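In case you want the letters, here they are:
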Amino acid sequence: MKQLAQTFLAIFVIAFALMYTAHYMNASEGLTGGNTLTVYNWGDYIDPELITKFEEETGIKVIYQTFDSNEAMMTKIVQGGTTFDVAVPSEYAVDKMRKENLLLPLDHSKLPGISNINPRFMNLAFDPGNQYSVPYFWGTVGIVYNPELTGNLTFKSWNDLWDPSLKNKIMFVDGAREILGMSLNSMNYSVNDTNEEHLQAALAKLQKLTPNVKAIVGDEIKMLLANEEAAVGIVWSGDASEIIDANDKLTYVLPEEGTNLWSDNMVIPKTAKNIEGAHKFINFMLDPANAAQNAEYVGYSTPNEKAMKLLPEEISSDERFYPDLNSMKLEVYENLGKKMLAHYNELFLEFKMHKK
Ligand code: SPD
(Lines give C-alpha, C1' and ligand atoms only; values in the text may rest on other atoms or scores of the structure.)
Protein backbone atom coordinates (compact mmCIF):
# COMPACT_ATOMS: atom_id res chain seq x y z
CA MET A 1 0.00 0.00 0.00
CA LYS A 2 2.87 2.30 1.00
CA GLN A 3 4.61 1.47 -2.28
CA LEU A 4 1.45 2.37 -4.25
CA ALA A 5 1.20 5.74 -2.45
CA GLN A 6 4.86 6.42 -3.25
CA THR A 7 4.25 5.61 -6.94
CA PHE A 8 1.24 7.97 -7.05
CA LEU A 9 3.28 10.68 -5.37
CA ALA A 10 6.11 10.23 -7.87
CA ILE A 11 3.66 10.43 -10.83
CA PHE A 12 2.07 13.54 -9.32
CA VAL A 13 5.49 15.23 -8.84
CA ILE A 14 6.57 14.42 -12.43
CA ALA A 15 3.24 15.58 -13.91
CA PHE A 16 3.42 18.81 -11.90
CA ALA A 17 7.02 19.42 -13.03
CA LEU A 18 6.03 18.86 -16.69
CA MET A 19 3.05 21.20 -16.42
CA TYR A 20 5.15 23.85 -14.71
CA THR A 21 7.87 23.63 -17.40
CA ALA A 22 5.30 23.82 -20.21
CA HIS A 23 3.66 26.82 -18.57
CA TYR A 24 7.02 28.53 -18.02
CA MET A 25 8.05 27.93 -21.66
CA ASN A 26 4.77 29.31 -23.00
CA ALA A 27 5.06 32.39 -20.83
CA SER A 28 8.62 33.00 -21.93
CA GLU A 29 7.58 32.48 -25.60
CA GLY A 30 5.03 35.19 -25.06
CA LEU A 31 7.81 37.48 -23.93
CA THR A 32 10.61 36.52 -26.29
CA GLY A 33 8.55 35.43 -29.29
CA GLY A 34 9.64 31.78 -29.08
CA ASN A 35 12.57 29.91 -30.45
CA THR A 36 11.87 29.63 -34.15
CA LEU A 37 11.58 32.22 -36.89
CA THR A 38 9.99 31.52 -40.27
CA VAL A 39 11.53 33.62 -43.05
CA TYR A 40 9.96 33.80 -46.51
CA ASN A 41 12.33 35.17 -49.14
CA TRP A 42 13.01 35.04 -52.89
CA GLY A 43 15.07 32.03 -54.05
CA ASP A 44 18.90 32.41 -54.04
CA TYR A 45 18.61 35.61 -52.03
CA ILE A 46 20.70 35.15 -48.88
CA ASP A 47 24.12 33.89 -47.90
CA PRO A 48 23.26 30.70 -45.93
CA GLU A 49 26.18 31.44 -43.57
CA LEU A 50 24.24 34.46 -42.35
CA ILE A 51 21.34 32.26 -41.30
CA THR A 52 23.72 30.13 -39.26
CA LYS A 53 25.35 33.22 -37.77
CA PHE A 54 21.92 34.62 -36.78
CA GLU A 55 20.95 31.30 -35.19
CA GLU A 56 24.21 31.15 -33.22
CA GLU A 57 23.96 34.76 -32.05
CA THR A 58 20.32 34.61 -30.96
CA GLY A 59 19.58 30.96 -30.24
CA ILE A 60 16.60 31.30 -32.61
CA LYS A 61 16.16 28.51 -35.15
CA VAL A 62 15.37 29.81 -38.66
CA ILE A 63 12.91 28.00 -40.89
CA TYR A 64 13.64 29.37 -44.34
CA GLN A 65 11.22 29.14 -47.28
CA THR A 66 11.45 30.68 -50.74
CA PHE A 67 9.13 32.04 -53.44
CA ASP A 68 9.68 33.15 -57.03
CA SER A 69 7.15 35.94 -57.51
CA ASN A 70 5.39 38.57 -55.44
CA GLU A 71 2.08 37.13 -56.54
CA ALA A 72 2.93 33.61 -55.29
CA MET A 73 4.18 35.06 -52.00
CA MET A 74 1.07 37.17 -51.40
CA THR A 75 -1.27 34.29 -52.23
CA LYS A 76 0.46 32.05 -49.69
CA ILE A 77 0.37 34.72 -46.99
CA VAL A 78 -3.34 35.37 -47.59
CA GLN A 79 -4.14 31.62 -47.57
CA GLY A 80 -2.48 31.45 -44.17
CA GLY A 81 -1.64 27.70 -44.09
CA THR A 82 1.92 28.55 -43.01
CA THR A 83 2.58 31.66 -40.99
CA PHE A 84 5.66 33.73 -41.72
CA ASP A 85 7.55 36.04 -39.37
CA VAL A 86 9.53 37.90 -42.04
CA ALA A 87 8.78 38.23 -45.77
CA VAL A 88 10.55 40.18 -48.54
CA PRO A 89 8.07 41.70 -51.04
CA SER A 90 8.96 44.17 -53.79
CA GLU A 91 7.80 47.76 -53.44
CA TYR A 92 4.42 47.54 -55.20
CA ALA A 93 3.63 44.40 -53.22
CA VAL A 94 4.48 46.21 -49.94
CA ASP A 95 1.98 48.89 -50.92
CA LYS A 96 -0.67 46.30 -51.74
CA MET A 97 -0.04 44.30 -48.55
CA ARG A 98 -0.13 47.30 -46.22
CA LYS A 99 -3.35 48.54 -47.83
CA GLU A 100 -4.90 45.09 -47.47
CA ASN A 101 -3.96 45.08 -43.79
CA LEU A 102 -1.57 42.13 -44.16
CA LEU A 103 1.39 43.74 -42.39
CA LEU A 104 2.36 44.73 -38.86
CA PRO A 105 3.82 48.18 -38.24
CA LEU A 106 7.54 47.93 -37.43
CA ASP A 107 8.92 49.01 -34.07
CA HIS A 108 11.76 51.30 -35.18
CA SER A 109 13.21 51.38 -31.63
CA LYS A 110 14.15 47.72 -32.24
CA LEU A 111 15.76 48.50 -35.59
CA PRO A 112 18.68 50.85 -34.86
CA GLY A 113 20.41 49.55 -38.02
CA ILE A 114 17.81 51.33 -40.16
CA SER A 115 20.03 54.43 -39.98
CA ASN A 116 22.57 52.57 -42.18
CA ILE A 117 20.20 52.70 -45.17
CA ASN A 118 20.87 55.31 -47.84
CA PRO A 119 18.10 57.95 -47.47
CA ARG A 120 17.55 57.60 -51.25
CA PHE A 121 15.81 54.29 -50.49
CA MET A 122 13.83 55.47 -47.46
CA ASN A 123 10.43 57.06 -47.10
CA LEU A 124 9.27 56.16 -50.61
CA ALA A 125 5.69 56.45 -51.82
CA PHE A 126 4.96 52.73 -51.41
CA ASP A 127 5.58 52.98 -47.64
CA PRO A 128 5.76 56.54 -46.27
CA GLY A 129 7.95 56.72 -43.16
CA ASN A 130 8.94 53.06 -43.63
CA GLN A 131 6.19 52.16 -41.21
CA TYR A 132 6.03 48.61 -42.55
CA SER A 133 9.16 47.87 -44.55
CA VAL A 134 12.94 48.09 -44.59
CA PRO A 135 14.92 47.91 -47.88
CA TYR A 136 16.83 44.64 -48.44
CA PHE A 137 18.18 44.75 -52.02
CA TRP A 138 17.49 46.91 -55.06
CA GLY A 139 18.18 46.74 -58.75
CA THR A 140 17.02 47.19 -62.32
CA VAL A 141 15.68 45.04 -65.15
CA GLY A 142 18.02 44.92 -68.15
CA ILE A 143 19.66 42.90 -70.88
CA VAL A 144 22.51 40.51 -70.17
CA TYR A 145 24.14 39.28 -73.36
CA ASN A 146 27.08 37.39 -74.75
CA PRO A 147 28.71 39.45 -77.56
CA GLU A 148 30.31 36.31 -79.00
CA LEU A 149 26.81 34.99 -79.73
CA THR A 150 25.03 38.19 -80.79
CA GLY A 151 27.18 39.60 -83.59
CA ASN A 152 27.16 43.38 -83.77
CA LEU A 153 24.13 44.02 -81.60
CA THR A 154 24.90 46.19 -78.57
CA PHE A 155 21.33 46.47 -77.19
CA LYS A 156 21.13 50.23 -76.89
CA SER A 157 17.37 49.84 -77.31
CA TRP A 158 14.81 47.29 -76.11
CA ASN A 159 13.80 47.11 -79.79
CA ASP A 160 17.09 45.36 -80.63
CA LEU A 161 15.57 42.24 -79.08
CA TRP A 162 13.28 41.94 -82.11
CA ASP A 163 16.26 41.56 -84.47
CA PRO A 164 15.64 38.44 -86.62
CA SER A 165 19.25 37.30 -86.05
CA LEU A 166 18.25 36.47 -82.45
CA LYS A 167 15.94 33.60 -83.40
CA ASN A 168 15.63 31.25 -80.41
CA LYS A 169 18.42 33.08 -78.55
CA ILE A 170 16.62 35.00 -75.78
CA MET A 171 15.58 33.89 -72.29
CA PHE A 172 13.12 35.81 -70.13
CA VAL A 173 12.85 35.97 -66.37
CA ASP A 174 9.40 34.68 -65.45
CA GLY A 175 7.79 37.94 -64.34
CA ALA A 176 4.60 39.53 -65.69
CA ARG A 177 5.54 43.09 -64.79
CA GLU A 178 9.11 42.70 -66.00
CA ILE A 179 8.22 41.35 -69.44
CA LEU A 180 5.12 43.45 -70.12
CA GLY A 181 7.02 46.43 -68.70
CA MET A 182 9.86 45.78 -71.16
CA SER A 183 7.43 45.66 -74.08
CA LEU A 184 5.71 48.86 -72.87
CA ASN A 185 9.11 50.56 -72.46
CA SER A 186 10.09 49.53 -75.99
CA MET A 187 7.19 51.71 -77.22
CA ASN A 188 8.12 54.51 -74.81
CA TYR A 189 5.13 53.77 -72.58
CA SER A 190 5.41 53.61 -68.80
CA VAL A 191 5.96 50.30 -66.94
CA ASN A 192 2.88 51.37 -64.96
CA ASP A 193 0.67 51.98 -67.99
CA THR A 194 -2.97 51.02 -67.51
CA ASN A 195 -4.32 52.19 -70.87
CA GLU A 196 -5.94 49.10 -72.43
CA GLU A 197 -4.89 50.03 -75.96
CA HIS A 198 -1.26 50.33 -74.85
CA LEU A 199 -1.44 47.04 -72.95
CA GLN A 200 -2.89 45.22 -75.96
CA ALA A 201 -0.19 46.78 -78.16
CA ALA A 202 2.45 45.57 -75.66
CA LEU A 203 1.02 42.04 -75.81
CA ALA A 204 0.86 42.06 -79.62
CA LYS A 205 4.45 43.30 -79.78
CA LEU A 206 5.57 40.58 -77.36
CA GLN A 207 3.83 37.95 -79.47
CA LYS A 208 5.90 39.11 -82.44
CA LEU A 209 9.00 38.42 -80.34
CA THR A 210 8.00 34.77 -79.83
CA PRO A 211 10.37 33.31 -82.47
CA ASN A 212 13.33 34.84 -80.64
CA VAL A 213 12.30 33.59 -77.18
CA LYS A 214 13.89 30.29 -76.26
CA ALA A 215 12.47 30.00 -72.74
CA ILE A 216 10.82 31.80 -69.85
CA VAL A 217 12.49 30.59 -66.67
CA GLY A 218 12.99 31.15 -62.94
CA ASP A 219 16.23 31.22 -60.97
CA GLU A 220 17.81 28.64 -63.32
CA ILE A 221 18.13 31.44 -65.91
CA LYS A 222 21.50 32.29 -64.30
CA MET A 223 22.94 28.84 -64.86
CA LEU A 224 21.49 28.60 -68.40
CA LEU A 225 22.93 31.94 -69.54
CA ALA A 226 26.29 31.38 -67.86
CA ASN A 227 26.47 28.00 -69.65
CA GLU A 228 25.76 29.76 -72.96
CA GLU A 229 22.44 27.94 -73.50
CA ALA A 230 21.15 31.27 -74.82
CA ALA A 231 22.81 34.46 -76.02
CA VAL A 232 20.57 37.05 -74.35
CA GLY A 233 18.57 37.33 -71.13
CA ILE A 234 16.06 39.80 -69.76
CA VAL A 235 16.97 39.62 -66.11
CA TRP A 236 17.17 41.42 -62.79
CA SER A 237 20.49 43.20 -62.36
CA GLY A 238 21.68 41.01 -59.48
CA ASP A 239 21.14 37.87 -61.52
CA ALA A 240 23.17 39.50 -64.33
CA SER A 241 25.96 40.18 -61.85
CA GLU A 242 26.01 36.50 -60.82
CA ILE A 243 25.93 35.35 -64.46
CA ILE A 244 28.87 37.62 -65.32
CA ASP A 245 30.76 36.34 -62.27
CA ALA A 246 30.37 32.83 -63.66
CA ASN A 247 31.08 33.77 -67.28
CA ASP A 248 32.78 37.09 -67.93
CA LYS A 249 32.08 37.00 -71.67
CA LEU A 250 28.64 38.40 -70.85
CA THR A 251 27.75 41.98 -69.98
CA TYR A 252 24.70 43.89 -68.73
CA VAL A 253 23.07 46.99 -70.23
CA LEU A 254 20.11 49.26 -69.52
CA PRO A 255 18.40 50.30 -72.77
CA GLU A 256 17.97 53.97 -73.60
CA GLU A 257 14.15 53.98 -73.39
CA GLY A 258 14.55 53.37 -69.66
CA THR A 259 13.60 50.53 -67.35
CA ASN A 260 12.31 49.55 -63.94
CA LEU A 261 14.05 50.43 -60.67
CA TRP A 262 12.86 47.99 -58.02
CA SER A 263 13.53 47.21 -54.41
CA ASP A 264 12.75 44.20 -52.24
CA ASN A 265 11.91 44.97 -48.62
CA MET A 266 11.74 43.14 -45.29
CA VAL A 267 8.30 43.18 -43.67
CA ILE A 268 6.52 41.42 -40.80
CA PRO A 269 3.22 39.82 -41.89
CA LYS A 270 0.25 40.43 -39.60
CA THR A 271 0.04 36.70 -38.82
CA ALA A 272 3.67 36.53 -37.55
CA LYS A 273 4.15 34.54 -34.36
CA ASN A 274 7.68 35.64 -33.45
CA ILE A 275 7.49 39.42 -33.69
CA GLU A 276 10.46 39.98 -31.37
CA GLY A 277 12.60 37.53 -33.39
CA ALA A 278 11.45 39.14 -36.65
CA HIS A 279 12.76 42.53 -35.50
CA LYS A 280 16.02 40.86 -34.43
CA PHE A 281 16.39 39.27 -37.86
CA ILE A 282 15.67 42.50 -39.74
CA ASN A 283 18.14 44.40 -37.57
CA PHE A 284 20.73 41.63 -38.07
CA MET A 285 20.40 42.03 -41.85
CA LEU A 286 20.83 45.81 -41.45
CA ASP A 287 24.24 45.36 -39.81
CA PRO A 288 26.82 46.75 -42.28
CA ALA A 289 29.11 43.69 -42.15
CA ASN A 290 26.19 41.28 -42.62
CA ALA A 291 24.62 43.37 -45.41
CA ALA A 292 27.98 43.61 -47.22
CA GLN A 293 28.58 39.85 -46.90
CA ASN A 294 25.08 39.22 -48.24
CA ALA A 295 25.51 41.62 -51.19
CA GLU A 296 28.84 40.08 -52.10
CA TYR A 297 27.44 36.55 -51.92
CA VAL A 298 24.11 37.15 -53.67
CA GLY A 299 25.34 39.67 -56.25
CA TYR A 300 22.47 42.13 -55.76
CA SER A 301 22.88 45.82 -54.91
CA THR A 302 22.66 46.83 -51.28
CA PRO A 303 20.77 49.95 -50.16
CA ASN A 304 22.93 49.93 -46.99
CA GLU A 305 25.30 52.92 -47.20
CA LYS A 306 27.64 51.61 -44.51
CA ALA A 307 27.77 48.17 -46.15
CA MET A 308 28.69 49.81 -49.48
CA LYS A 309 31.87 51.10 -47.85
CA LEU A 310 32.85 47.55 -46.89
CA LEU A 311 32.40 46.14 -50.40
CA PRO A 312 35.39 45.65 -52.69
CA GLU A 313 35.79 48.76 -54.88
CA GLU A 314 35.29 46.68 -58.05
CA ILE A 315 31.74 45.92 -56.87
CA SER A 316 30.67 49.26 -55.39
CA SER A 317 31.99 51.25 -58.35
CA ASP A 318 30.49 48.99 -61.04
CA GLU A 319 27.99 51.31 -62.72
CA ARG A 320 26.13 48.44 -64.30
CA PHE A 321 24.90 47.42 -60.85
CA TYR A 322 25.26 50.69 -58.94
CA PRO A 323 24.17 53.12 -61.68
CA ASP A 324 23.79 56.85 -61.12
CA LEU A 325 20.07 56.85 -60.41
CA ASN A 326 19.62 60.36 -61.78
CA SER A 327 21.29 59.75 -65.12
CA MET A 328 18.64 57.59 -66.78
CA LYS A 329 14.93 57.01 -67.02
CA LEU A 330 14.13 54.61 -64.21
CA GLU A 331 10.58 53.96 -63.03
CA VAL A 332 9.44 52.26 -59.84
CA TYR A 333 6.52 49.83 -60.24
CA GLU A 334 3.35 51.22 -58.75
CA ASN A 335 0.68 49.20 -57.06
CA LEU A 336 -1.81 49.24 -59.92
CA GLY A 337 -4.61 47.77 -57.83
CA LYS A 338 -5.89 44.22 -57.58
CA LYS A 339 -7.78 44.20 -60.89
CA MET A 340 -5.03 45.73 -62.99
CA LEU A 341 -2.33 43.51 -61.44
CA ALA A 342 -4.49 40.49 -62.27
CA HIS A 343 -4.89 41.85 -65.81
CA TYR A 344 -1.09 42.14 -66.22
CA ASN A 345 -0.81 38.51 -65.09
CA GLU A 346 -3.52 37.41 -67.56
CA LEU A 347 -1.80 39.18 -70.45
CA PHE A 348 1.52 37.59 -69.54
CA LEU A 349 -0.16 34.19 -69.35
CA GLU A 350 -1.68 34.78 -72.78
CA PHE A 351 1.80 35.50 -74.12
CA LYS A 352 3.16 32.32 -72.49
CA MET A 353 0.32 30.23 -73.98
CA HIS A 354 0.95 31.77 -77.41
CA LYS A 355 4.62 30.86 -77.08
CA LYS A 356 3.95 27.16 -76.45
N1 SPD B 1 16.86 35.38 -57.03
C2 SPD B 1 16.34 36.50 -56.32
C3 SPD B 1 15.56 37.41 -57.17
C4 SPD B 1 14.94 38.54 -56.44
C5 SPD B 1 14.53 39.58 -57.36
N6 SPD B 1 13.55 40.41 -56.90
C7 SPD B 1 13.23 41.33 -57.89
C8 SPD B 1 11.86 41.80 -57.80
C9 SPD B 1 11.58 42.84 -58.79
N10 SPD B 1 10.22 43.25 -58.80
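Residues numbered from 1 in each chain as written. Predicted model: local features only at pLDDT ≥ 70, side-chain atom pairs only at ≥ 80, totals over all residues. Heavy atoms only, no water.

A. Structural detail: the overall build of the chain. Along the backbone of the chain there are 14 helices and 10 strands. With the principal axes as the frame, the chain shows a C-alpha extent of 95 × 45 × 40 Å. Counting every position in the chain, which comprises 356 residues, the buried fraction comes to 51%. Pairs at least 24 apart in sequence give 75% of the contacts found in the chain among residues at least 6 apart. With the model as given, the accessible surface of the chain reaches about 16,700 Å², and the carbon-plus-sulfur share is 55%. Each charge class in the chain was averaged separately, 30 positive and 47 negative side chains, and the resulting centres sit 5 Å apart. (Helix = DSSP H or I, 4+ residues; strand = E, 2+ residues; numbered from the N terminus. Buried < 20%, exposed > 50% of the residue type's maximum accessible area, 1.4 Å probe, protein only. Contact = heavy atoms within 4.5 Å. Areas by Shrake-Rupley, 256 points an atom, 1.4 Å probe, with all protein chains shown as cover. Lys, Arg positive; Asp, Glu negative; His and termini not counted. Charge placed at Lys NZ, Arg CZ, Asp CG, Glu CD.)

B. Examining the packing of aromatic side chains more closely. By the definition in use, this model includes 19 aromatic pairs. Ring geometry for Y45 versus Y300: centroids 5.0 Å apart, planes at 90°, classification edge-to-face. Here Y45 is found in the loop between β1 (36-42) and α2 (48-58), whereas its partner Y300 is found in the loop between α11 (288-298) and α12 (305-310), with 255 residues between them in sequence. By way of ring pairs, the aromatic residues Y40, W42, F67, F84 and W236 are connected into one cluster. Lying across the ring of F121, R120 places its NZ or CZ 5.9 Å from the centre. (Phe/Tyr/Trp six-rings, centres within 6.5 Å; stacked < 30°, edge-to-face > 60°. Lys NZ or Arg CZ within 6 Å of the ring centre and 35° of its normal.)

C. Examining the site of the ligand more closely. Around the ligand, the neighbouring residues are W42, G43, D44, Y45, S90, E178, D219, W236, W262, D264 and Y300. One of the side-chain nitrogen or oxygen atoms of S90 is found 3.3 Å away from a nitrogen atom of the ligand. E178 is positioned such that a nitrogen or oxygen atom in its side chain is 3.4 Å from a nitrogen atom of the ligand. (Near = heavy atom within 4 Å. Polar contact = N/O pair within 3.5 Å; in protein donor to acceptor, adjacent residues only side chain to side chain.)

D. Molecular detail of the nonpolar core. Within the largest apolar cluster, 113 residues are counted, with the highest numbers of intra-cluster contacts made by L161 and F172. Residue assignment places this core across two domains, with domain 2 (36-137 + 264-316) and domain 3 (139-261 + 323-355) each supplying three or more. Residues contacting F172, with those up to four places away along its chain left out, are I179, M182, L206, L209, V213, A215, I216, V217, I221, I234 and F351. (Core = buried A, V, L, I, M, F, W, Y, C linked by side-chain atoms within 4.5 Å. Domains from an automatic or database assignment.)

E. Expanded view of unusual backbone geometry. One non-glycine residue, N101, lies in the positive phi region at around 60°. Relative to the helices and strands, N101 resides in the loop between α4 (91-99) and β4 (134-145). Look at N188: it is not a glycine, yet its phi comes out positive at around 60°. For N188, the position within the fold is in the loop between α6 (176-186) and α7 (196-209). For N188, a relative accessible area of 55% puts it in the exposed group.

F. Broad picture of α11. Regarding α11, the residues found buried are P288, N290, A291, A292, N294, A295 and V298. Elements that come into contact with the buried residues of α11 comprise α2, β4, α9 (237-246), α10 (275-286) and α12. Immediately beyond the C-terminal end of α11, within one or two residues, lies G299, with a positive phi of roughly 95°.

G. Structural detail: the pairing of strand β5 (residues 170-173). Here β5 shows no split at all, with I170 and F172 on one side and M171 and V173 on the other all buried. Two strands pair when backbone bridges link them, and β5 and strand β6 (residues 213-217) are joined in this way by four bridges, in the parallel orientation. In the strand pairing of β6, F172 is matched with I216. Pairing of β5 with strand β7 (residues 232-236), which is carried by three bridges, proceeds in the parallel orientation. (Pairing = 2+ DSSP bridges.)

H. Region of interest: the side chain of N185. Along the chain, N185 turns up in helix α6. Judged by relative accessible area, which is 2%, N185 ranks as buried. From its side chain, N185 meets the backbone oxygen of Y189 in a polar contact 3.2 Å long. Filtering out sequence-adjacent residues up to four positions away, N185 remains in contact with W158, V191, E257, G258, T259, N260, K329 and E331.

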